[in-house]
Amino acid sequence: MPSMKAIKRRRLTVKNISQITKAMNLVATSKLQRARANKSAVGRPVQATFDIVYNAVSDERALAQPFVASREVKKTAYVLITSNRGLCGGYNSNVCKALNVHAKGKDFVILPLGTKGRDYFRRRGAELLDMPSTSETPNFAEAKAAGDRLVEMYEAGEIDEVYLVYTQFFTVLSLEPIIRKVLPLDPDYLRRVVGTHLKDAEEWENLGFFSKPEPKEESKLNQEVEFDSGIENVLRNLIPWYLSMYLYAAMASSALCEQAARMTSMDSATKNAGEIIEKLTLQFNRQRQSIITQEITEIVSGANALQ
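The rules we used
- Residues numbered from 1 in each chain as written.
- Predicted model: local features only at pLDDT ≥ 70, side-chain atom pairs only at ≥ 80, totals over all residues.
- Heavy atoms only, no water.
- Helix = DSSP H or I, 4+ residues; strand = E, 2+ residues; numbered from the N terminus.
- Rg over C-alpha atoms; globule rule 2.2 N^0.38 Å.
- Buried < 20%, exposed > 50% of the residue type's maximum accessible area, 1.4 Å probe, protein only.
- Contact = heavy atoms within 4.5 Å.
- Areas by Shrake-Rupley, 256 points an atom, 1.4 Å probe, with all protein chains shown as cover.
- Lys, Arg positive; Asp, Glu negative; His and termini not counted.
- Charge placed at Lys NZ, Arg CZ, Asp CG, Glu CD.
- Core = buried A, V, L, I, M, F, W, Y, C linked by side-chain atoms within 4.5 Å.
- Pairing = 2+ DSSP bridges.
- Right-handed = clockwise from strand over helix to strand, strands pointing away.
- Polar contact = N/O pair within 3.5 Å; in protein donor to acceptor, adjacent residues only side chain to side chain.

1. Focus on the overall build of the chain
Phase 1: Within the chain, the secondary structure is distributed over 7 helices and 4 strands.
Phase 2: Order of helices (α) and strands (β) in the chain, N terminus to C terminus: α-β-α-β-α-α-β-β-α-α-α.
Phase 3: The C-alpha radius of gyration computed for the chain amounts to 28 Å, which surpasses the reference 19 Å derived for 307 residues by more than 25%, pointing to a less compact arrangement than a globule.
Phase 4: Each of the three principal axes of the chain carries a C-alpha extent, and together these read 115 × 45 × 35 Å.
Phase 5: Every one of the 307 residues in the chain was classed for burial, and the buried ones make up 42%.
Phase 6: Across the chain, the fraction of contacts at a sequence separation of at least 24, relative to all contacts at a separation of at least 6, is 73%.
Phase 7: Counting only carbon and sulfur atoms, one obtains 51% of the accessible surface of the chain, whose full area is about 17100 Å².
Phase 8: Mean positive and mean negative side-chain charge positions of the chain (41 and 36 charges, respectively) differ by 14 Å.

2. Topic: the nonpolar core
Phase 1: Phe50, Leu164, Leu185, Leu207, Phe209 and Tyr246 are the most contacted members of the largest nonpolar core, which has 53 residues in total.
Phase 2: Put simply, the parts of the chain that give this core at least two residues each are helix H1 (4-57), strand S1 (76-81), strand S2 (108-113), helix H4 (140-155), strand S3 (161-171), strand S4 (174-183), helix H5 (187-194) and helix H7 (231-306).
Phase 3: Element by element, the count of residues in this core is highest for H7, at 13 residues.
Phase 4: Not counting the four nearest positions on each side in its chain, phenylalanine 209 is found in contact with Lys39, Gly43, Val46, Tyr166, Tyr246, Ala249, Ala250 and Ser253.

3. So, the pairing of S1
Phase 1: Summarising burial for S1: 6 of the 6 residues are buried, a large majority.
Phase 2: Residues of S1 alternate between two faces, with Thr76, Tyr78 and Leu80 on one and Ala77, Val79 and Ile81 on the opposite face, all of them buried.
Phase 3: In this sheet, S2 lies alongside S1 in parallel orientation, the contact comprising 6 bridges. Bridge pairing links leucine 80 to proline 112 in S2.
Phase 4: Between the parallel elements S1 and S2, the chain passes through helix H2 (residues 91-102) in a crossover that is right-handed.
Phase 5: Two elements, S1 and S3, share 5 bridges in a ladder whose sense is parallel. Within the sheet, the bridge partner assigned to alanine 77 lies in S3 and is valine 162.

4. Focus on the environment of lysine 106
Phase 1: Tracing the backbone shows lysine 106 in the loop between H2 and S2.
Phase 2: Taking the C-alpha atoms as reference, lysine 106 lies 7.2 Å from threonine 76; in sequence the two are 30 residues apart.
Phase 3: Once residues within four sequence positions are removed from consideration, lysine 106 is found in contact with Thr76, Tyr78, Glu161 and Tyr163.
Phase 4: In terms of polar contacts, lysine 106 uses its side chain to reach the side chain of tyrosine 78, at 3.5 Å.

Structural measurements only, silent on function.
Below, the structure written as structure tokens:
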């Protein structure tokens, strides 16, 4: 049985840790509100971007363009969005495990946005693309740099398809890893994301960026869009923007999920620390009571022996 001094020292250590976890919980709660506002702000621009891209690829001439036409898949690229810091529960491990399952049996390369995902797959010997470390707050410049890199590799034939791996926010306690294909473009997939041109039995594809839109009137569905500069030039300028906006929205969603996971984890850690402190206090009091009782017994026994 540990001594009273050891119990007291351990109780003090746990108490100090609980103060740290409580402070981190408060910081995560504050950052959660800002991350929620950032995610809401990017919703409408992303929705408009998807709508524009869908109108472009709905043209039959677009099906033969490099960014839309399917090709033989030899190498797959994954954009993995994780955090730069830990202490956020299973947030990072869940999204990394999801990528592991999806990439099984494929020849793939990973573009990591976040040091935790980069370190996870570096330890496992996966092929990684060198990218500067991302900031804690989502940054469109970082998303654009990653998107331009992917577009260059896709055009050069170094990769044949691109998947985006991030975490979707439902509630503070409900976070789900999600993997979606971003290149080549799929008109059917974009139609489900846009949600205003759904066919019978089709369901809206919720990416977690914006709420489900209302269906458009039939007269508006039949409108055709003409491109003065040609569909090829339009897609060549539109796809990098689309990819950058998609990445930026996914980074905003992941940042929100990171703070939610950290807030939940630190709240649980604070509660667990409180329970441990109670147990240690009870153990300390019992041992002190036992020592006092033993001393009283020895005094009484000695007094009786002198009589």
